[in-house]
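# Survey of secondary and tertiary structure
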Amino acid sequence: MREDIIGRANVADTPEREAYYRRLGEAGAYALWTVANDLEPWFPQSISSPMIWRYERMRPLVLESLDLVKPEEAGRRVVALENPTRKGSSACVGWLYTGLQGMRPGEATSAHNHAAAALRFIMEGAGAYTVVDGHKVDLNARDFVITPAGTWHDHGVVAEGQTSIWQDGLDMLLINQLEANFYAVHPNVVQQSIYPNNDSPALFGGPNLVPEIEPWTKPYSPLLKYEWNPTYDRLQAAAEVWEGTPFDGVMMQYTNPLTGGPVMPTLGAYIQMLRPGQHTRAHRQTGSSVYNVAKGAGYTVVDGVRMDWKERDIFVVPPWAAHEHVNLSPSEDAVLFSFTDRPVMTALGLYREEAYAEEGGFQTVREIYSEPPLEDQ
Ligand SMILES: [Fe+2]
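Residues numbered from 1 in each chain as written. Predicted model: local features only at pLDDT ≥ 70, side-chain atom pairs only at ≥ 80, totals over all residues. Heavy atoms only, no water.

### Let's talk about the pattern of salt bridges
In total, this model carries twelve salt bridges according to the counting rule given. The salt bridge partner of Asp-67 is Arg-104, with a shortest N-O separation of 2.6 Å. One end of the pair, Asp-67, is in helix α3 (residues 55-68); the other, Arg-104, is in the loop between β3 (97-103) and β4 (112-114), and 37 residues separate them in sequence. For Arg-104, a relative accessible area of 28% puts it in the partly exposed group. In this structure, Glu-227 and Lys-225 form a salt bridge, with 3.4 Å as the shortest nitrogen-oxygen distance. Given the relative accessible area of 34%, Glu-227 is considered partly exposed. Look at the salt bridges and you will find they share partners, linking Lys-295, Glu-332 and Asp-333 into a network. (Salt bridge = Lys/Arg side-chain N within 4 Å of Asp/Glu carboxyl O. Helix = DSSP H or I, 4+ residues; strand = E, 2+ residues; numbered from the N terminus. Buried < 20%, exposed > 50% of the residue type's maximum accessible area, 1.4 Å probe, protein only.)

### Considerations on the pairing of strand β16 (residues 305-310)
One ladder, built from six bridges, connects strand β15 (residues 297-302) with β16; its direction is antiparallel. Each bridged residue has a counterpart across the sheet, and for Tyr-299 the counterpart in β16 is Asp-308. What sits between β15 and β16 in their antiparallel hairpin is a turn of two residues, with Asp-303 showing a positive phi close to 45°. (Pairing = 2+ DSSP bridges.)

### A few points about the coordination of the iron ion
Protein coordination at the iron ion comes from His-112 (NE2), His-114 (NE2) and His-153 (NE2), with a distance range of 2.1 to 2.2 Å. Going along the chain, you hit the donors of the iron ion in the pattern H-x1-H-x38-H. One end of the pair, His-114, is in strand β4; the other, His-153, is in strand β8 (residues 153-170), and 39 residues separate them in sequence. (Donors = N, O, S within 2.8 Å, 3.2 Å for Na, K, Ca; no water.)

### Overview of the packing of aromatic side chains
Throughout the structure, instances matching the rule amount to 13 aromatic pairs. When the ring of Tyr-291 is compared with that of Phe-315, the centres are 4.7 Å apart and the planes differ by 5°; the resulting orientation is stacked. Placement of the pair is Tyr-291 in strand β14 (residues 289-295) and Phe-315 in strand β17 (residues 314-317), with a sequence separation of 24 residues. Neither Tyr-291 nor Phe-315 differs from the other in exposure class; each is buried. Three or more aromatic residues joined by ring pairs form one cluster here, namely Phe-121, Phe-144, Tyr-226, Tyr-254 and Phe-337. (Phe/Tyr/Trp six-rings, centres within 6.5 Å; stacked < 30°, edge-to-face > 60°.)

### Thoughts on unusual backbone geometry
Excluding glycine, residues mostly have negative phi values, and the peptide bonds linking residues are mostly trans. At Asp-133, a position not held by glycine, the phi torsion is positive, near 45°. Tracing the chain through its elements places Asp-133 in the loop between β5 (118-132) and β6 (135-139). With a relative accessible area of 25%, Asp-133 lands in the partly exposed category. Although it is not a glycine, Asn-198 adopts a positive phi angle of roughly 60°. In this structure, Asn-198 sits in the loop between β9 (183-185) and α6 (199-204).

Here's what the structure looks like:
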């Protein structure tokens, strides 16, 4: 793509040049100026689309998988959500993956381990559990749980529980792009829970207290489960004293209680409350986000596309796409859970955010660079 701007590639094809490009190709090379403008766009060019998967459509499909395939056949019996303009990529947006996993009472997955990080948001059911490196945690609706990179993990629903459905989120596609993924199956198929049940939330689940035990040296949160009830209590308490951000309402990050940072090095997660009738201002950010409607009904406008949502719907916001949220209820709050690759953006110095101003389009509100500019080093 040629651009008639000083500093950009603007080279017309001639028979002589085309013959030269062919000789470069034969030598395993190419002329940078033929592709430079595409390689370095002026701003992020996402090939993902705004998309919403409504639960009323997806739920029967997930339940159908329970009759069709056994978990031990599938390894992971998941209905995965794919972005309509990313067919074949397995991506729901950017390089994020998400899917819906259903499990009947008494069923369990085999234990495994991968270099990708994973998280889960429980959507319905009772008696679900996850075991992470021998730490077992019980899971109920709207609980958020992490299974960090490199941990042995498996999931199931106890025999006296109810059919459960949860959302899985992984960074495995990003890790595959970096050609850095590994996968292993646990030698015992199902790992033993070797610590007291729910020891992780009991020890690290706050409020603002961490135990004086052996130093935690792992790069992810020692708190594996973030329960819904205290999370919602915190949102309500914060809303009493804080109007929230103009773009996201009362938004809070799930954090590693030891560092205050994201729950895992590559994936972060947020919970946000929109007040009754609230309509936020539009902004855009680098990084991809996947939302799950924890409570309420409303809509989100993403690059001009309105997506109406209600409880348990999943929708995505592509990188650098302007988005604003609306809570349609005049009396009830709405709560959105989301996960994002923002920790990657921040760690690599790539995080940027712009607010939409009514006059003059976008204005930079925040640029975060993790490294000082070159001349200061
Ligand atoms: Fe996994």
